[in-house]
Amino acid sequence: MSSRMCSGVLLGILFLAAAYAHASPRPPSISEKTADTARKMVRVLLGFEKKSVIQGNDLFINGQKFPGTSVFNVRCGSEEDSGASFVEYGAGHRSVGRMEISSNTGVLRLNEQTYRDRFSIIARGSSCMIVNVVELEKYLSGVIGKEMSPSWPLEALKAQADRKSTRLNSSH
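Below is a summary of the structure that appears in this document. The structure presented is a predicted model; accordingly, all values stated were derived computationally and were not measured. Throughout, a residue's number is its position along its own chain's written sequence, starting from 1. The predicted nature of this model means local features are confined to residues of pLDDT at least 70 and side-chain atom pairs, given and counted, to a pLDDT of 80 or more, with totals for whole chains, interfaces and linings taken over all residues. Processing note: side-chain calculations cover all non-hydrogen atoms of the structure and skip hydrogens and water entirely.

### A look at the overall build of the protein chain
Logical step 1: Numbering goes from the N terminus for both helices and strands, where a helix is a DSSP run of H or I of at least four residues and a strand is a run of E of at least two. When helices and strands are tallied, the protein chain shows three helices and eight strands.
Logical step 2: Secondary structure elements in the protein chain, listed N-terminal to C-terminal, are α-β-β-β-β-β-β-β-β-α-α.
Logical step 3: Among the 172 residues that make up the protein chain, the fraction classed as buried is 39%.
Logical step 4: The contact definition used throughout considers only heavy atoms, calling two residues in contact when any of these lie within 4.5 Å. Contacts spanning at least 24 positions in sequence make up 51% of the contacts within the protein chain whose residues lie at least 6 apart. Accessible area is worked out with a 1.4 Å probe on protein chains only. A residue is then buried under 20% of its type maximum, exposed over 50%, and partly exposed in between.

### Brief notes about the nonpolar core
Logical step 1: Grouped together as the largest cluster of nonpolar side chains are 18 residues, with contacts concentrated most on Val74, Met99, Ile101, Phe119 and Ile121.
Logical step 2: For this core, the secondary structure elements donating two or more residues are strand S2 (51–61), strand S3 (64–78), strand S4 (85–89), strand S6 (98–110), strand S7 (113–124) and strand S8 (127–135).
Logical step 3: With sequence-adjacent residues up to four places away left out, Met99 is seen in contact with Ile61, Asn62, Val74, Val87, Tyr89, Phe119, Ser120 and Ile121.
Logical step 4: To qualify as a nonpolar core, a set must consist of buried Ala, Val, Leu, Ile, Met, Phe, Trp, Tyr and Cys residues joined through side-chain atoms within 4.5 Å. Core analysis: the second largest hydrophobic core is formed by five residues, Met41, Ile122, Met129 and Val133 among them.

### Quick notes on the environment of Ala91
Logical step 1: Residue placement: Ala91 occurs in the loop between S4 and strand S5 (93–96).
Logical step 2: We classify Ala91 as exposed; its relative accessible area is 77%.
Logical step 3: Here the alpha-carbon distance between Ala91 and Phe72, two residues 19 residues apart in the chain, equals 8.4 Å.

### Structural notes on the state of the cysteines
Logical step 1: By convention in this document, the label disulfide applies to cysteine sulfur atom pairs within 2.5 Å. Taken as a whole and assessed by the stated rule, the structure comprises one disulfide.
Logical step 2: A sulfur-sulfur distance of 2.0 Å marks the disulfide that ties Cys76 to Cys128. Its torsion about the S-S bond being 115°, the disulfide of Cys76 and Cys128 is classed as right-handed. Within this pair, whereas Cys76 is found in strand S3, its partner Cys128 is found in strand S8, the two being separated by 52 residues in sequence.

### A look at the sheet that holds S3
Logical step 1: Any two strands are treated as partners once DSSP identifies two or more bridges connecting them. The strand order across the open sheet built from eight strands is S1-S8-S7-S6-S2-S3-S4-S5, with neighbouring strands paired in antiparallel fashion. Of all the strands in the sheet, the pair left with one neighbour each is strand S1 (41–49) and S5. This sheet shows a mean twist of 35° between the axes of neighbouring strands, independent of strand direction.
Logical step 2: Both S2 and S3 contribute to a ladder of ten bridges, which runs antiparallel. Bridge pairing links Leu59 to Phe66 in S3. The axes are straight lines fitted to the C-alpha atoms, using for helices just the contacting stretch, and the angles between their N-to-C directions are given from 0 to 180°.

### Quick notes on the side chain of Glu88
Logical step 1: With respect to the element layout, Glu88 can be found in strand S4.
Logical step 2: Excluding residues that lie within four positions of it along the chain, Glu88 makes contacts with Asn73, Val74, Arg75, His93 and Arg94.

### A look at the pattern of salt bridges
Logical step 1: Here a salt bridge means any side-chain nitrogen of Lys or Arg lying within 4 Å of a carboxyl oxygen belonging to Asp or Glu. The full count for this structure, using the stated rule, is six salt bridges.
Logical step 2: Residue Arg118 is joined to Glu100 by a salt bridge in which the shortest nitrogen-to-oxygen separation is 3.8 Å. Of this pair, Arg118 sits in strand S7 while Glu100 is found in strand S6, placing the two residues 18 residues apart along the sequence.
Logical step 3: For Arg118, a relative accessible area of 18% corresponds to the buried category.
Logical step 4: Here Glu100 falls in the partly exposed class, since its relative accessible area comes to 26%.
Logical step 5: Each of the salt bridges in this network shares a partner with another, and the network as a whole consists of Arg75, Glu79, Glu88 and Arg94.

Limitation: the analysis is restricted to geometry and does not speak to function.
What follows is the structure in structure tokens.
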């Protein structure tokens, strides 16, 4: 089976998984939807970091555009006098409590690792809780692509996509 054919098969499987996930009779929870889109989203906790480096092209940070290639050091903390949490990025920019980062390209880098869609960074004391918010279809594509070989039987790929989609839907 050629790699082009395998890619087509995987995309078909993901389409079926997405269709199955969208056919669920229960209404989606707030964590599955974002205010700006009705697509199902998955939130993946990447961890708690004291400092991180975020890179991307044409970034949007809390709605403000940073054109071109950007590299930001990010750290979290809290004000000594008020105790208010903040996320600090770049040259003294601060966001109160949390920060949302996305890119026109849909690709972001965190500490030299590549991720899709967007990040939510939430200040928790002196640590940053970093969450990757990614579309369900993209998440399934990445997970199944890493767990299974495209040379495996089509039914096995379908079963894995169905299992992942069902597990994600039942966890919300």
